[in-house]
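Results of the structural survey
Given next are the chains, with one letter for each unit.
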Amino acid sequence: MPAAKLPTKLHARLDELAARVRKLRVIHAVGRTAFLLPVAALGCILADAYLGLPTVVRGGLLIGWVLLAVREGWRLFQAITLPVDWEAIASAVEQEFPRLAERLTTAVELAESADESNGSPALINEVILDADSRARKLDLSTAFPTGQVTASCISALIFFLLLLIPAFFAPHG
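Just so it is clear, the structure is predicted and the values come from calculations on it, not from any experiment.

**Focus: the overall build of the protein chain**
For the protein chain, the helix and strand inventory stands at six helices and zero strands. What you see in the protein chain, going N to C, is helices and strands ordered as α-α-α-α-α-α. Taking 173 residues into account, the globule formula puts the C-alpha radius of gyration at 16 Å, and the protein chain, at 24 Å, lies well above it. By residue count, 27% of the 173 residues in the protein chain fall in the buried class. The contacts of the protein chain with a sequence gap of at least 6 include a subset with a gap of at least 24, amounting to 81%.

This is the structure we're talking about:
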């Protein structure tokens, strides 16, 4: 038996939530990178300035920083490219709205892989339609607020820009 289909509006709403989750992942990765790389570089520079590290240790610090940059670049790439799991989205929505009582997660699971062991096609369609009618009344985007992630990313970018100020005022000679 082919998998049952989610109603068009519910499918569209879950697509919007998936796009929102991807956007939040990217913003989080950018903020993390904008904070972590300059702090690590500043730590390496200060350690060298105060301890007078030998060239080999400086090279090791540089290699460590480059590896950190590669790791953060990989995490950013993953945030952009990895697919968003609809079951995880449905579960997060149900945590925000407990009255859904796992109907949305069940509907998503049944839509992805419905077979005879899950019940009759009529029952599966009834479960999916019930989840759709209950979710239709709710603002599902409240399960994924953007405020904290955006604020932390903006804070990290401001911190990064503040770290660049001495580069403009340092004597060049």
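**With respect to the packing of helix H3 (residues 86-96) against helix H4 (residues 103-112)**
Packing of H3 against H4 leaves a shortest axis separation of 8 Å and a crossing angle of 165°. Judged by the angle between their axes, H3 and H4 are roughly antiparallel. For the element pair H3 and H4, the recorded crossing hand is right-handed. Taking contact as the criterion, the partners of Trp 86, Glu 87, Ala 90, Ser 91, Val 93 and Glu 94 in H3 are, on H4, Arg 103, Leu 104, Thr 105, Val 108, Glu 109 and Glu 112.

**With respect to the nonpolar core**
Core analysis: the largest hydrophobic core is formed by 27 residues, its most contacted members being Leu 6, Leu 14, Leu 17, Trp 86, Ile 89, Val 93 and Phe 144. Of all the secondary structure elements, the ones that give two or more residues to this core are helix H1 (8-51), H3, H4 and helix H5 (121-136). If one sorts the elements of this core by residue count, H1 sits on top with six residues. What Val 93 contacts, discounting residues up to four positions off in sequence, is Leu 17, Leu 100, Leu 104, Leu 140, Ala 143 and Phe 144.

**Looking at the confidence of the model for the protein chain**
Averaged over all residues, the pLDDT of the protein chain is 86; the fraction at 70 or higher stands at 94%. The spread of mean pLDDT over the elements of the protein chain runs between H5, the lowest at 81, and helix H2 (residues 55-81), the highest at 95.

**Some thoughts on the pattern of salt bridges**
A pair can form between side chains of opposite charge whenever their charged atoms are brought close. The tally for this structure, following the rule as stated, stands at six salt bridges. The partner of Arg 71 in a salt bridge is Glu 72, and the shortest N-O contact between them spans 3.0 Å. Arg 103 is the salt-bridge partner of Asp 130, the closest N and O atoms lying 2.7 Å from each other. Note that Asp 130 is positioned in helix H5 and Arg 103 in helix H4, a separation of 27 residues in sequence. Each of Arg 32, Arg 71 and Glu 72 takes part in salt bridges that share partners, so that together they form one network.

**Concerning the packing of H4 against H5**
It is the contact of H4 with H5, at a shortest axis distance of 9 Å, that shows an interaxial angle of 135°. Compared by their axis directions, H4 and H5 come out oblique. Between H4 and H5 lies a crossing of left-handed hand. Note on element contacts: H5 touches H4 through Ile 124, Val 127, Ile 128, Asp 130, Ala 131 and Arg 134, opposite Arg 103, Leu 104, Thr 106, Ala 107, Leu 110 and Ala 111.

**With respect to the packing of aromatic side chains**
Counted under the stated rule, the structure contains two aromatic pairs. Residues Phe 35 and Phe 159 carry aromatic rings whose centres are separated by 5.3 Å and whose planes lie at 40° to one another, so their mutual orientation is tilted. Here the residue Phe 35 occupies a position in helix H1, and Phe 159 occupies one in helix H6 (residues 147-169), the gap between them amounting to 124 residues.

**Looking at the side chain of Asp 132**
Along the chain, the position of Asp 132 falls in helix H5. Excluding anything up to four places from it in sequence, Asp 132 contacts Pro 7 and Leu 10.

Analysis parameters
Residues numbered from 1 in each chain as written. Predicted model: local features only at pLDDT ≥ 70, side-chain atom pairs only at ≥ 80, totals over all residues. Heavy atoms only, no water. Helix = DSSP H or I, 4+ residues; strand = E, 2+ residues; numbered from the N terminus. Rg over C-alpha atoms; globule rule 2.2 N^0.38 Å. Buried < 20%, exposed > 50% of the residue type's maximum accessible area, 1.4 Å probe, protein only. Contact = heavy atoms within 4.5 Å. Axes fitted to C-alpha atoms, helices over the stretch in contact; angles between N-to-C directions. Parallel < 35°, antiparallel > 145°, perpendicular 65-115°, else oblique. Left-handed = near helix turned anticlockwise from the far one by under 90°. Core = buried A, V, L, I, M, F, W, Y, C linked by side-chain atoms within 4.5 Å. pLDDT = per-residue confidence, 0-100. Salt bridge = Lys/Arg side-chain N within 4 Å of Asp/Glu carboxyl O. Phe/Tyr/Trp six-rings, centres within 6.5 Å; stacked < 30°, edge-to-face > 60°.

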